[in-house]
Amino acid sequence: MGNSELQTDTSIRAVFNPLVRPYLVLKIGFTMAGTIIGIPLAVIWFCGVGQWWARHYYDKLECSIGSKALRFRKGIFIQIEKTIPLENIQDVTFIEGPILRRFHLSILKFETAGQSAGQAHNMHFVGIIDAHDFRNSILQRRDALREHMFKPQDNTASSVALLEAVRGIENKMDEIVALLSKRT
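Counting restarts for each chain, with residues numbered from 1 along the sequence as it is written. Local features in this predicted model are restricted to residues whose pLDDT is 70 or higher, and side-chain atom pairs enter the listing and the counts only when it is 80 or higher, whereas totals over whole chains, interfaces and linings include all residues. The basis for every side-chain value is the complete set of non-hydrogen atoms in the structure, without hydrogens or water.

A short note on the overall build of the protein chain
Every helix listed is a DSSP run of H or I at least four residues long, and every strand listed is a run of E at least two residues long, numbered separately from the N terminus. Per the secondary structure count, the protein chain includes five helices and seven strands. Its helices and strands in sequence order give the protein chain the pattern β-α-α-β-β-β-β-α-β-β-α-α, from N to C terminus. Throughout this description, buried means an accessible area under 20% of the type-specific maximum (1.4 Å probe, protein chains only), exposed means over 50%, and partly exposed covers the range between. Looking at the protein chain as a whole, 32% of its 184 residues are labelled buried. In what follows, a contact means two residues having at least one pair of non-hydrogen atoms within 4.5 Å. Restricting to contacts in the protein chain with at least 6 residues of sequence separation, those with at least 24 account for 51%. Total accessible area on the protein chain stands at roughly 12000 Å², and carbon and sulfur atoms take up 60% of it. In these tables, accessible area is a Shrake-Rupley quantity obtained with a 1.4 Å probe, and a residue counts as shielded only by the protein chains included in the view.

See the structure below:
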């Protein structure tokens, strides 16, 4: 589940690097080992629980770009599925550091309009293969959607109706101005 390249002819599906599994085991395990209370938990984590969790977590990872939205899903016990409209995506940041490079991984972080600090941790993915290309696909589809949304329509019926509505508003404004002038 979750690692084929194309979902449909209009949807692009991300492919995840299997090295994300050992990366997550080490990252979470060393985070646990960073506290005295977490050391026994880290031992249990490294002895097998972490590998089990990472394998199942990896199997549930999904991310795809449709024509109007980015959809992603992750989690084992608590599954998070989120759909982000492409027009709300402000930027997609590519992050790669020495530890990530060691595992041939990178992070894509999504910044959206109206995003609060509490939601930021749900809006990033580690380990998408060809992350630069996936990022560019997201931004290209977002730009194409925005261009289409704001492209003036050449529909004369709706233009006539809009013009009539504006004239009606203008007439009402003239009436309001006349009434206000009488009061003063």
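Things to note about helix 4 (residues 131-149)
Here, expected helix span is obtained from the residue count minus one, scaled by 1.5 Å. In this model helix 4 runs 27 Å from its N-terminal to its C-terminal C-alpha over 19 residues, within 8% of the 27 Å that 1.5 Å per residue would give. Looking at the buried positions of helix 4, the neighbouring elements they touch are strand 1 (12-13), strand 2 (62-65), strand 3 (69-74), strand 5 (89-95) and strand 6 (107-112).

Concerning the sheet that holds strand 5
Strand order in the open sheet formed by three strands is 5-6-7, and the pairing between neighbours is antiparallel. In this open sheet, the two strands that pair with only one neighbour each are strand 5 and strand 7 (124-126). Mean inter-strand twist for the sheet, computed between neighbouring axes without regard to direction, equals 15°. As defined by bridge partners, strand 6 adjoins strand 7 across three bridges and the pair is classed as antiparallel. By the bridge assignment for strand 7, Ile107 is matched with Val126. Sitting on the sheet, helix 4 is in contact with strand 5 and strand 6, with an inclination near 170° to strand 5. We treat two strands as partners when DSSP finds at least two bridges between them. Convention adopted: a line fitted to C-alpha atoms gives each axis, helices being fitted over their contacting stretch, and angles between N-to-C directions are expressed from 0 to 180 degrees.

Some words on the sheet that holds strand 1
Spatially, 1-2-3-4 is the arrangement adopted by the four strands of the open sheet, whose pairing is antiparallel. Since the sheet does not close on itself, it has two edges, and those belong to strand 1 and strand 4 (80-85), each with one partner. One ladder, built from six bridges, connects strand 3 with strand 4; its direction is antiparallel. Residue Ala69 lies in a different strand from strand 4, and its bridge partner there is Pro85. Contacting strand 1, strand 2 and strand 3, helix 4 runs over the sheet at an angle of about 40° to strand 2.

A few points about unusual backbone geometry
Phi at His104 takes a positive value of approximately 55°, unusual for a residue other than glycine. Along the chain, the position of His104 falls in the loop between helix 3 (98-102) and strand 6. What makes His104 exposed here is its relative accessible area of 62%.

Overview of the nonpolar core
Each nonpolar core is a collection of buried residues, namely Ala, Val, Leu, Ile, Met, Phe, Trp, Tyr and Cys, held together in the definition by side-chain atoms within 4.5 Å. Membership of the largest hydrophobic core comes to 36 residues, with the highest contact counts inside it found for Phe16, Cys63, Leu70, Phe110, Phe125, Phe134 and Ile138. Breaking this core down by element, the ones donating at least two residues are helix 1 (20-33), helix 2 (38-60), strand 2, strand 3, strand 5, strand 6, strand 7 and helix 4.

A short note on the pattern of salt bridges
Criterion for a salt bridge: a side-chain nitrogen of Lys or Arg within 4 Å of a carboxyl oxygen of Asp or Glu. Across all of its chains, the model carries eight salt bridges by this definition. Across the salt bridge formed by Arg101 and Glu96, the nearest N and O atoms sit 3.9 Å from each other. For Arg101, a relative accessible area of 46% gives the class partly exposed. Asp143 serves as the salt-bridge partner of Arg142, at 2.9 Å between the closest nitrogen and oxygen.

Here's the deal with the confidence of the model for the protein chain
Scored by pLDDT, the protein chain comes out at a mean of 84, with 86% of its residues at no less than 70. For every residue, the predictor states its confidence as a pLDDT score lying anywhere from 0 to 100. Here residues 1-8 is a poorly scored stretch, pLDDT under 50, and it has 19 contacts once near neighbours within four places are set aside; other chains count.

Some points on helix 1
Every α-helix carries 3.6 residues per turn, so stepping three or four residues along brings you back to the same face. With 14 residues, helix 1 should cover 20 Å at 1.5 Å per step; its first-to-last C-alpha distance of 20 Å lies within 8% of that length. Every buried residue of helix 1 is accounted for by Val20, Tyr23, Leu24, Val25 and Gly29. Structurally, helix 1 contributes buried residues whose contacts are with helix 2, helix 3 and strand 7.

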